[in-house]
Amino acid sequence: MFKQTQYLIAAILVVFSFQMNAQSTTFGVRGGTTFNTISQTQLVDAVTPDFDYLIGFSGAVYAEVPIGQTLAFQPELAFSQKGFSLAQGTNIDLFGATLPVGVRANTQFNYLEAPLLMKAKFGSEQVKAFVMAGPALGYAMNGRVRTQSSGILEFQLSNNTIDLDAINYERFEFSGVVGAGVQIDAGFGNITLDGRYQQGFTELYDIPLVSERVKNRGFAINAGVSIPLN
């Protein structure tokens, strides 16, 4: 695992070193909100509760290198929160009123990721639309599970660290990213807005009792700023 981490860091450094030396390169930062859950097989869906989307945060630094008039290469170094949420509850009758009560568990994994995206841009100099796609390599640094009551009164019940090695969680993840957005010339640089969908291809974890493995998937909405390096 240590060697794999070294390879990931080395790949990121090589990519960014290439970008820093390229002409017309812009450097940017972005941040946004993620909505993540896990892909379920029919068997998992039949024997487990429904997995809801977990709302999290994503942030990244990136470089963009033009390739011709309409294409650009955009490598990123990102932090992203993934996971899922599930709730179990029931209704109780109290003084003639039906009250919902239950527990919600939010399972969150913090990832370091390196998306390598190709972008196609079109439009005027002031406003450009773009589409993008590419692979991403991620590493799960840590995880937590938080439980809270749901109903009339909501309060936290527990907040526990997940030992990823103990549960045989696959830390390294390969995924694909597709998205679209708009880039606005702000004079000093560009303001960007984009939406993305990310599908994990790596089987991460065995669901107990059914021996079925799950994959990450989710959406993100981002805003960012980029400026020319030269």
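Scroll up to find the structure this text is about.
Below, the structure is looked at part by part. These numbers were taken from a predicted model, which means no experiment stands behind them.

### Describing the pattern of salt bridges
Line of reasoning, step 1. By the definition in use, this model includes 8 salt bridges.
Line of reasoning, step 2. Across the salt bridge formed by Arg 196 and Glu 76, the nearest N and O atoms sit 2.8 Å from each other. Of the two residues, Arg 196 is situated in strand 8 (residues 190-200) and Glu 76 in strand 3 (residues 71-94); the sequence distance between them amounts to 120 residues. For the pair formed by Arg 196 and Glu 76, the shared burial category is buried.
Line of reasoning, step 3. A salt bridge links Arg 196 to Asp 194, with the nearest nitrogen and oxygen atoms 3.1 Å apart. Across this residue pair, the class does not change: Arg 196 and Asp 194 are buried.

### Concerning unusual backbone geometry
Line of reasoning, step 1. A positive phi angle is found at Asn 168, which is not glycine, with a value near 60°.
Line of reasoning, step 2. Position of Asn 168 among the secondary structure elements: in the loop between strand 6 (156-161) and strand 7 (172-185).
Line of reasoning, step 3. On the basis of relative accessible area, Asn 168 is assigned to the exposed category, the value being 57%.

### Description of the environment of Gln 148
Line of reasoning, step 1. Along the polypeptide, Gln 148 turns up in strand 5 (residues 127-151).
Line of reasoning, step 2. Given a relative accessible area of 29%, Gln 148 falls into the partly exposed group.
Line of reasoning, step 3. For the pair Gln 148 and Asn 106, spaced 42 residues apart in sequence, the C-alpha to C-alpha distance is 8.5 Å.

### Focus: the side chain of Asn 106
Line of reasoning, step 1. In this fold, Asn 106 is placed in strand 4 (residues 97-123).
Line of reasoning, step 2. Side chain to side chain, Asn 106 and Ser 85 meet in a polar contact 2.7 Å long.

### Thoughts on the nonpolar core
Line of reasoning, step 1. Listed in full, the 7 residues of the largest apolar core are Phe 109, Tyr 111, Ala 140, Ile 162, Leu 164, Tyr 169 and Leu 204.
Line of reasoning, step 2. Beyond its immediate sequence surroundings of up to four residues, Tyr 169 is in contact with Phe 109, Tyr 111, Ala 140, Leu 164, Leu 204, Tyr 205 and Asn 216.
Line of reasoning, step 3. Of all hydrophobic cores here, the second largest spans 5 residues; its members include Leu 117, Phe 130, Ala 136 and Val 177.

### Focus: the side chain of Thr 37
Line of reasoning, step 1. Note that Thr 37 resides in strand 1 (residues 26-39).
Line of reasoning, step 2. Of note is the side chain of Thr 37, whose polar atom sits 3.4 Å from the backbone oxygen of Asp 52.
Line of reasoning, step 3. Leave out the neighbours within four places in its chain, and Thr 37 touches Phe 51, Asp 52, Tyr 53, Gly 83, Phe 84, Lys 215, Asn 216 and Arg 217.

### A short note on a nonpolar patch on the surface
Line of reasoning, step 1. A surface patch of nonpolar side chains, amounting to about 690 Å² of accessible area, comprises Phe 27, Val 29, Val 127, Ile 184, Phe 188, Ile 191, Val 225, Ile 227 and Leu 229.
Line of reasoning, step 2. Sorting the residues of the nonpolar patch by element identifies strand 1 and strand 10 (212-228) as the ones contributing at least two each.
Line of reasoning, step 3. By secondary structure assignment, the location of Phe 188 is in the loop between strand 7 and strand 8.

### Here we look at the packing of aromatic side chains
Line of reasoning, step 1. Per the counting criterion, the structure on display carries 6 aromatic pairs.
Line of reasoning, step 2. The interplanar angle of 20° and the centroid separation of 4.5 Å between the aromatic rings of Phe 109 and Tyr 169 together place this pair among those described as stacked. One end of the pair, Phe 109, is in strand 4; the other, Tyr 169, is in the loop between strand 6 and strand 7, with 60 residues separating them in the sequence.
Line of reasoning, step 3. Take Tyr 169: its relative accessible area is 7%, and that puts it in the buried class.
Line of reasoning, step 4. Here Phe 174 and Phe 201 contribute two aromatic rings whose centre-to-centre distance is 5.8 Å and whose plane-to-plane angle is 40°, an arrangement assigned as tilted. Pair noted here: Phe 174 is in strand 7 and Phe 201 is in the loop between strand 8 and strand 9 (205-207), with a separation of 27 residues, a long-range link.
Line of reasoning, step 5. Take Phe 174: its relative accessible area is 42%, and that puts it in the partly exposed class.
Line of reasoning, step 6. Each residue in the set Tyr 53, Tyr 197 and Phe 219 is aromatic and connected to the rest through ring pairs, giving one cluster.
Line of reasoning, step 7. Sitting over the ring of Tyr 111, Lys 82 keeps its end group 4.7 Å from the ring centre.
Line of reasoning, step 8. The lysine or arginine in question, Lys 119, covers the ring of Phe 130, its NZ or CZ lying 4.1 Å from the ring centre.

Cut-offs and rules
Residues numbered from 1 in each chain as written. Predicted model: local features only at pLDDT ≥ 70, side-chain atom pairs only at ≥ 80, totals over all residues. Heavy atoms only, no water. Salt bridge = Lys/Arg side-chain N within 4 Å of Asp/Glu carboxyl O. Helix = DSSP H or I, 4+ residues; strand = E, 2+ residues; numbered from the N terminus. Buried < 20%, exposed > 50% of the residue type's maximum accessible area, 1.4 Å probe, protein only. Polar contact = N/O pair within 3.5 Å; in protein donor to acceptor, adjacent residues only side chain to side chain. Core = buried A, V, L, I, M, F, W, Y, C linked by side-chain atoms within 4.5 Å. Contact = heavy atoms within 4.5 Å. Patch = residues over 30% accessible without salt bridge, like charges linked within 9 Å, V, L, I, M, F, W, Y side chains within 5 Å. Areas by Shrake-Rupley, 256 points an atom, 1.4 Å probe, with all protein chains shown as cover. Phe/Tyr/Trp six-rings, centres within 6.5 Å; stacked < 30°, edge-to-face > 60°. Lys NZ or Arg CZ within 6 Å of the ring centre and 35° of its normal.

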